[in-house]
Amino acid sequence: MANIVVFGSQWGDEGKGKIVDILAEQASAVVRFQGGNNAGHTLVVEGEQCILHLIPSGVLHPGKLCLIGNGVVLDPVVFCQEVDKLAAKGLDVSPTRMMISKKTHVIMPYHRLIDSARETTKSEAKKIGTTGRGIGPCYEDKMHRCGIRACDFADPELLREKIGKALEEKNVLFKHFYGVGELDPEAVFAEVLPYAERLVPYLGDVSTAIQTAQKDGMVLFEGAQGTHLDIDHGTYPFVTSSNTVTANAASGSGCSPRDLHRIVAIVKAYTTRVGGGPFPTELLDADGDYLQSKGHEFGATTGRKRRCGWLDLVVLKESVRLNGPTELAITKLDVLSGLSELKLCVAYEYRGETILYPPQEQNGMGHVTPVYESMPGWDEDISAARSWGDLPVNAVNYLRRIEKITGVPVGIVSVGPDRVQTF
Ligand code: GDP
Ligand code: IMO
Ligand code: MG
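Residues numbered from 1 in each chain as written. Chains lettered and ligands numbered in written order. Predicted model: local features only at pLDDT ≥ 70, side-chain atom pairs only at ≥ 80, totals over all residues. Heavy atoms only, no water.

### Some remarks on the site of ligand 2
Part 1 of the argument: Lining the immediate surroundings of ligand 2 are 20 residues, of which Asp13, Lys16, His41, Thr131 and Thr240 lie closest.
Part 2 of the argument: Take Thr240: an N or O atom from its side chain is 2.6 Å from an oxygen atom of ligand 2.
Part 3 of the argument: Note that an oxygen atom of ligand 2 is positioned 3.0 Å from one of the side-chain N or O atoms of Arg304.
Part 4 of the argument: Its free accessible area being 550 Å², ligand 2 has 97% of it covered by the protein chains.
Part 5 of the argument: A class-by-class count of the residues in the shell around ligand 2 yields seven nonpolar, ten polar and three charged. (Near = heavy atom within 4 Å. Polar contact = N/O pair within 3.5 Å; in protein donor to acceptor, adjacent residues only side chain to side chain. Areas by Shrake-Rupley, 256 points an atom, 1.4 Å probe, with all protein chains shown as cover. Nonpolar A, V, L, I, M, F, W, Y, C, P; charged D, E, K, R; others polar.)

### As for the site of ligand 1
Part 1 of the argument: Lining the immediate surroundings of ligand 1 are 19 residues, of which Lys16, Gly40, Thr42, Asp334 and Ser414 lie closest.
Part 2 of the argument: In this structure, an oxygen atom belonging to ligand 1 sits 3.0 Å away from a side-chain N or O atom of Asp13.
Part 3 of the argument: Notes on ligand 1: free accessible area 580 Å², of which the protein chains cover 92%.
Part 4 of the argument: Elements represented by at least two residues in the shell around ligand 1 include exactly α1 (16-23) and β3 (41-45).
Part 5 of the argument: Examining the composition of the shell around ligand 1, we find that three residues originate from one element, α1, more than from any other.
Part 6 of the argument: By residue class, the composition of the shell around ligand 1 is four nonpolar, eight polar and seven charged.
Part 7 of the argument: For the shell around ligand 1, the two domains that each supply at least three residues are domain 1 (4-101 + 202-263) and domain 3 (267-413). (Helix = DSSP H or I, 4+ residues; strand = E, 2+ residues; numbered from the N terminus. Domains from an automatic or database assignment.)

### As for the coordination of the magnesium ion (ligand 3)
Part 1 of the argument: Taken together, Asp13 (OD) and Gly40 (O) make up the protein donors of the magnesium ion (ligand 3), found 2.1 to 2.2 Å from the metal. Pair noted here: Asp13 is in the loop between β1 (4-8) and α1 and Gly40 is in the loop between β2 (27-32) and β3, with a separation of 27 residues, a long-range link. (Donors = N, O, S within 2.8 Å, 3.2 Å for Na, K, Ca; no water.)

### Side note on the UniProt feature "active site" (unreviewed entry) in the chain
Part 1 of the argument: According to UniProt, the feature "active site" (unreviewed entry) maps to Asp13, His41 and Lys142 in the numbering used here. For the residues just named, distributed over 130 residues, the greatest C-alpha separation reaches 25.9 Å, placing them at more than one site.
Part 2 of the argument: Once you skip the residues sitting within four places of it in the chain, Asp13 turns out to touch Gly40, Lys268, Val274 and Arg306.
Part 3 of the argument: In this structure, Lys142 is in contact with Asn70, Gly71, His105 and Gly147, ignoring residues within four places of it in sequence. (UniProt positions renumbered as here; feature names shortened; annotations may be inferred. Contact = heavy atoms within 4.5 Å.)

### Thoughts on the packing of helix α3 (residues 109-121) against helix α5 (residues 156-178)
Part 1 of the argument: In the contact formed by α3 and α5, the axes pass within 11 Å of each other and the chain directions differ by 20 degrees. Considering their axes alone, α3 and α5 lie roughly parallel with respect to each other. Between α3 and α5 lies a crossing whose hand is left-handed. Here α3 contributes Tyr110, Leu113, Ile114, Ala117, Arg118 and Thr121 to the contact with α5, which in turn contributes Ile163, Ala166, Leu167, Lys170, Phe174 and Tyr178.
Part 2 of the argument: Here the contact of α3 with α5 is composed, by residue class, of nine nonpolar, one polar and two charged. (Axes fitted to C-alpha atoms, helices over the stretch in contact; angles between N-to-C directions. Parallel < 35°, antiparallel > 145°, perpendicular 65-115°, else oblique. Left-handed = near helix turned anticlockwise from the far one by under 90°.)

Okay, here's the thing in structure tokens:
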């Protein structure tokens, strides 16, 4: 059966969690392959909302394997909290169905401290507006080759030694650069140890688990963040610290690119961004307020208001080029009901030229002027639509225009937060 990769095509919060939950019905395993608990994936089933930060969005389907790949950065405290919350709902979160790769790097208290200390020392314009979860500093240690991996949790003496070594350098920064005071390695070890012990039964070989799960059915790879937050291809430096593009589904989980078959781009019917950085189609007017309030656009992780704007097809075309989607899943189409005119950004004016892809210079995106195409909107409430035939003609035309410009067919349409509001 064809494996599926789900990815965010914009700046995150496109509705990946909802679509993964739906597609998980047919999966034998769901895998997270990058990012960490900077993600907030919202699932709504029969009116009940569940927000997941770390555990794959297949968890609501009994019996599906939930795997955390080597490319993730895992906060053990958050993992345990999420496990407890799901267990309280009566879900099976035991190691029989959940596994953390032994190679996954773990977020330590000092990573969270660096993340927040760094943001406070930056001027407003330079602030990335990170989620403060220690994501960047943990990936830094991975690349610096001094990171702590989940497998180290099974070896407390090694864990103690590695914490001590990491803090030798970081304490100099804490004391003399950030002025936040040093951390005591023994206190950090004591703080982490109970979580480490709880995690040990979950450690495993995720790569082999994926290989086995493929024999029983389909493996679903759940992307986090969005393509324009990718460390290489996003609006650098206003990005996250991992590769969010679909190619990383293979390296971030331990499988071959040949195992990625169907690729689903999650596209919000308009654009949002949370945190700092350029956003060409951002609306600072009544239409922006309309999208923000009608779409309940608040960050699922930090609760911050999301910035809102028109759908940017330049951004989307770049995502198509980088990720190779076989289909688009358009979410939140219902939010556009009631707007008399809809705008689609089809190109940028940049340095006297018209361009069809984002400029690559630092902050080039901050200096483009969007070129818009206008389409008539619709008034009807479409949240009860369950087929193309239930949509007003202007909504169908809007989707057809997106297909035409991106060259990718729309395979899934979402018209509300609930699992059933989809066709
Ligand atoms: P993710 O990070 O990509 O999983 O997305 P989030 O969960 O952060 O944000 C998407 C938000 O939109 C959540 O509150 C979802 O419940 C909600 N949502 C998803 N699809 C739809 C939809 O089609 N219509 C509406 N109105 N809300 C949706
Ligand atoms: P999901 O998976 C939206 C943003 C932050 C900040 C930047 C860097 O729910 O779509 P980080 O903490 O990663 O170092 O912050 O990236 N960001 C997200 N924005 N959705 C997300 O995840 C995000 N994860 C990180 O707001 O601008
Ligand atoms: Mg989110």
